[in-house]
Amino acid sequence: MLDQKSSRSLPLSEAITISAQAIGEMMNGRSLTDVLEQLDTHERPIVQSLTFDALRKWVRSHELILQFIPKPPSAPVEYLLSVSIALFLQGSGDGKGYAAHTIVDQAVKACGEYEPTMYAKGMVNAVLRKVGLIVRPIAGEKRHPPDPILMFVPPWWRANLKKNYSKAWQALLIQQAQRAPLILRVNARQYERSQYQALLAQAGISSEPINSISGVNLESALLLLDPVPVSDLPDFYSGAVSVQDAGAQLAAVLLNPQADELILDACAAPGGKTAHLLELADCDVLALELDGERLGKIGGNLDRLRLHSDKVRIMRGDASKAAWWDGRLFDKILLDAPCSASGIVSRHPDIPFLRRESDVKSLQQRQRSILTQAWKMLKPEGLLLYVTCSIFPEEGEHQALWFAAEHSNALRLSAPGQILPSGINDGFFYALFKKNGP
């Protein structure tokens, strides 16, 4: 549900306009993360909320658009209607959200504030009034049947899930259409989890520990029962806690860093897993990242968490090549490989709109190149953890099987394998290998 208290800093009509424009940029191939980062601080929360909900409810909103406008409207009007209808759907089940007349009024006002949509004020007004009667009928009239409002995914994506998860694919889509929970990772160098929970309770913030995922114990994960802005979290800016999905927190735990070990975080940005390794042990870490723009985020995270030291190096480099490497073998390697990100759709609902079927094949080749190169940089008896935030087996189990077949000195150890999205974690794949011999 939209946090209306925080949204008051930006009029709803303006937020609808900006959200519709953000969807337009996404449809032209831009990541919503990049688009939203360009907004002013006071604009971002409500615009992100509106935009993400519009994408989560894309299937249902477009059923309604088609019902009342048989001839598709222009793209700017389509996106504005998508955002506005999502507001109706957002509050239809629990009586919360904006009043119907407010949504109609602000959507029509938004139409008039943006030149490409000015012509459609009358149409938008008529369509939204009809939508309101269906989604929020007058007392005593028949309500539209409940709809899980499935997340939009392209046909090839749906076919992949049907093939690989024949009994669970619909549940997966329904799960990923929900808002992701706010999960914290307590900085073990500053607080024990129970201590930080007490601080949250003093601030009036309710939380529950997440003790394990897929049989792996977690000692720092907390679920907030009601999300709050990070600025409300006690000692956030002094590094007490980070926002990190519980499934992602398995990476550092599975690699089990020890003091003075030399560890490579091969695709490190934005630095959450790098930081977790350093929170768990006084190890030497090289955080490698190819993307120059994302590289700075690693240092920013380590600064906030007070984890910078002479034992940490941040370097720009391509993990599939050796040009950046000084020849020192690593004790352990964390390879969070570039992937389709099909497991984190609940946090990034633009992903199904941006991915193409051909992307998976090219990403497979990229993953194999990085795996092959990283293995050469690992000490005998060293550990390599292969991670993707994907639910496509082509990027998970198929890659682990290929790697083991190609490398006779790779012993596969116990790790969760494929983890599917749930109410407390995103979808991830984990495979752990030990290097037996040179």
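Look up: the structure comes first, before these words.
Numbers given for residues are sequential positions, taken from 1 along each chain in its written order. Residue-level local features of this predicted model are given only where pLDDT is at least 70; pairs of side-chain atoms are given and counted only at 80 or more, and the full residue set underlies all totals for whole chains, interfaces and linings. To get the side-chain values, all heavy atoms of the structure are used, and hydrogens and water are removed first.

1. Concerning the sheet that holds strand β5 (residues 221–224)
So, point 1. Read across the open sheet, the 4 strands follow the order β2-β5-β1-β6; overall the sheet is antiparallel. Single-partner strands in this sheet number two, and they are β2 (207–209) and β6 (241–243). On average, each strand axis in the sheet is tilted by 30 degrees relative to the strand beside it, whichever way the strands run.
So, point 2. The contact rule is simple, with two residues in contact once any of their heavy atoms fall within 4.5 Å. Here an angle of 0 to 180 degrees is reported between the N-to-C directions of two axes, which are lines fitted to C-alpha atoms, with helices fitted over the stretch in contact. Going along the chain from the N terminus, every DSSP run of H or I of four or more residues is numbered as a helix, and every run of E of two or more is numbered as a strand. The strands touched by helix α11 (residues 193–202) within the sheet are β1 (182–186), β2, β5 and β6, with β5 carrying the most contacts at an inclination of about 20 degrees. At least two bridges found by DSSP between two strands is the condition for calling them paired.

2. Points about the side chain of Q373
So, point 1. Residue placement: Q373 occurs in helix α16 (residues 357–376).
So, point 2. What Q373 contacts, discounting residues up to four positions off in sequence, is A319, S320, K321 and A322.

3. With respect to the pattern of salt bridges
So, point 1. What counts as a salt bridge is simple: a side-chain nitrogen of Lys or Arg found within 4 Å of a carboxyl oxygen of Asp or Glu. Per the stated rule, a full pass over the model turns up 20 salt bridges.
So, point 2. In this structure, E279 and R185 form a salt bridge, with 2.9 Å as the shortest nitrogen-oxygen distance. A residue pair is termed long-range when its members are at least 10 positions apart, and E279 in helix α13 (residues 272–280) and R185 in strand β1 qualify at 94 residues.
So, point 3. Salt bridges sharing partners connect three or more residues here, namely R189, D260, D282, D284 and K311.

4. A look at the packing of aromatic side chains
So, point 1. Each aromatic pair joins two rings of Phe, Tyr and Trp (for Trp, the six-membered one) with centres within 6.5 Å, and gets the label stacked for planes under 30 degrees apart, edge-to-face for over 60, and tilted for any other angle. Per the counting criterion, the structure on display carries 13 aromatic pairs.
So, point 2. Seen from their ring centres, Y386 and F429 are 6.3 Å apart, and the 65 degrees between their planes marks the pair as edge-to-face. Taken as a pair, Y386 in strand β11 (residues 378–388) and F429 in strand β13 (residues 428–435) lie far apart in primary sequence, 43 residues in all.
So, point 3. Classification of Y386 as buried rests on a relative accessible area of 1%.
So, point 4. Judged by relative accessible area, F429 falls into the buried class, the value being 0%.
So, point 5. Seen in terms of ring centroids, W402 and F403 are 6.4 Å apart; in terms of plane orientation they differ by 50 degrees. Their pairing is tilted.
So, point 6. On the accessibility criterion, F403 (0% relative accessible area) is buried.
So, point 7. The rings of W58, Y79, F152 and F353 are connected pair by pair, giving a single aromatic cluster. The rule is simple: take the accessible area with a 1.4 Å probe, protein chains only, and divide by the maximum for that residue type; under 20% is buried, over 50% is exposed, in between is partly exposed.

5. Structural notes on the pairing of strand β9 (residues 312–316)
So, point 1. Pairing between strand β8 (residues 284–289) and β9: 5 bridges, direction parallel. Its bridge partner lying in β9, E289 is registered against R316.

6. Comments concerning the sheet that holds strand β10 (residues 330–336)
So, point 1. The strand order β9-β8-β7-β10-β11-β13-β12 describes an open sheet built from 7 strands, whose pairing is mixed. Of all the strands in the sheet, the pair left with one neighbour each is β9 and β12 (410–419). Averaged over all adjacent pairs, the angle separating strand axes in this sheet is 15 degrees, with direction ignored.
So, point 2. Inspection of the sheet shows β12 paired to β13 by 7 bridges, in the antiparallel sense. By the bridge assignment, G417 is partnered in β13 with Y430.
So, point 3. Helix α17 (residues 397–406) rests against β11, β12 and β13 of the sheet, and its axis sits at about 15 degrees to β13.

Any link to function would need more than the numbers given here.
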